[in-house]
Amino acid sequence: MSISHAPPDSQEPDISDISQQVNSPRDAVGSGATPDDIPNATPTGLEPIVPASSRRTRVPRWLRRTTGPVLLLILWQLLSATGVLTPDVLASPGRIAQVAGDLIADGSLASAMTTSLQRVAGGLLLGTVIGTGLALVSGLFRVGEDIVDAPVQMLRTVPFVGLIPLFIIWFGIGEAPKIAIITLGVTFPLYLNVYAGIRGVDSQLIEAGESLGLSRWGLVRHVILPGALPGAMTGLRYSLGIAWLALVFAEQVNADSGIGFLMVQARDFLRTDVIVVCLIVYAFLGLLADFIVRTLERLLLQWRPTFTGR
């Protein structure tokens, strides 16, 4: 028996009418319906709610990400074909592809990439060790902050490119000044992000760890370092970009190999096609390094769900 609370003159529908229209799973079983029919049972006359996101036609993300570069490449080719961009100003994409093939065929591009990667790897390793070490000393200890932070902030404001002549005087014209420039460019961004990550850990988490009986090393290992890891990964990505920027300057100073050396030679002969090829290689290597760091970030930060966009 169903009871309706609506007044006699009210226009509201009677609940009993709706309840009679609903095909419940129990009624379906009693009527001899198969189990496959039960989940599809819905109230008669009612449509299921479908999210708006599922109604939209989804375009593959790789296609959306490649649309911009492809359109830019087409526009570039059109401007070159119509004569708006002359070869002495900027070579056409077809000419650049041909030059890149020639550099790959004679092995000069592979040799230059190997030399440049070795320099970046050396400078990045030293900069990571120095920057992270200084950030740990300054972030974990107040005495370390008083001693370390002020000199680092002073040196950070000095353009590392302006130190190239001084590095040449100190280290000569070999590989040492080039690696020193990259190391200096990597150290400060990593220091700032790791230091900010350590000091950004919630103090309530520290108190909770202490109440659980964690020692100082236990707090550092299980609370502070995991909390500072997102900032450290951001600093590493930023440092990689600075490393490639520093490499451009380093390889144009008394270099006899590397991608920067190819650019210097191309500049002397007004070869814009070779210069663009070297710039594309720089961009590709930087993108590859950023992809590696982002993959590492997803693996190390699985415990921290974040917003990924919609």
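The sections below set out a description of the structure shown in this document.

What follows deals with the overall build of the protein chain. From N to C terminus, the protein chain includes 13 helices and zero strands. Starting at the N terminus and walking to the C terminus, you meet the elements of the protein chain as α-α-α-α-α-α-α-α-α-α-α-α-α. Within the span of the protein chain, comprising 310 residues, buried residues form 30% of the whole. Within the protein chain, contacts between residues separated by at least 24 positions form 69% of all contacts whose residues are at least 6 apart in sequence. Entry remark: accessible area of the protein chain is about 20,400 Å², with carbon and sulfur atoms responsible for 65%.

Here we come to the packing of helix H8 (residues 164-171) against helix H9 (residues 175-199). Interhelical geometry of H8 versus H9 gives an angle of 135° and a closest axis separation of 9 Å. One way to sum up the angle between H8 and H9 is to call them oblique. Of the two elements, H8 crosses H9, and the hand of that crossing is right-handed. Mapping the contact onto sequence places Ile164, Phe167, Ile168 and Phe171 in H8 and Ala176, Pro177, Ala180, Ile181 and Leu184 in H9. Across the contact of H8 with H9, the residue classes break down as nine nonpolar, no polar and no charged.

On to the nonpolar core, then. Grouped together as the largest cluster of nonpolar side chains are 53 residues, with contacts concentrated most on Ile181, Trp244 and Ile259. Those elements giving two or more residues to this core turn out to be helix H5 (93-105), helix H6 (108-140), helix H7 (142-156), H8, H9, helix H11 (216-250), helix H12 (259-268) and helix H13 (272-300). When residues of this core are assigned to their parent elements, the largest contribution, 13 residues, is made by H11. The residues contacting Ile181, other than those within four sequence positions of it, are Phe160, Ile164, Phe167, Ala246 and Ala250.

Basis of the calculations
- Residues numbered from 1 in each chain as written.
- Predicted model: local features only at pLDDT ≥ 70, side-chain atom pairs only at ≥ 80, totals over all residues.
- Heavy atoms only, no water.
- Helix = DSSP H or I, 4+ residues; strand = E, 2+ residues; numbered from the N terminus.
- Buried < 20%, exposed > 50% of the residue type's maximum accessible area, 1.4 Å probe, protein only.
- Contact = heavy atoms within 4.5 Å.
- Areas by Shrake-Rupley, 256 points an atom, 1.4 Å probe, with all protein chains shown as cover.
- Axes fitted to C-alpha atoms, helices over the stretch in contact; angles between N-to-C directions.
- Parallel < 35°, antiparallel > 145°, perpendicular 65-115°, else oblique.
- Left-handed = near helix turned anticlockwise from the far one by under 90°.
- Nonpolar A, V, L, I, M, F, W, Y, C, P; charged D, E, K, R; others polar.
- Core = buried A, V, L, I, M, F, W, Y, C linked by side-chain atoms within 4.5 Å.

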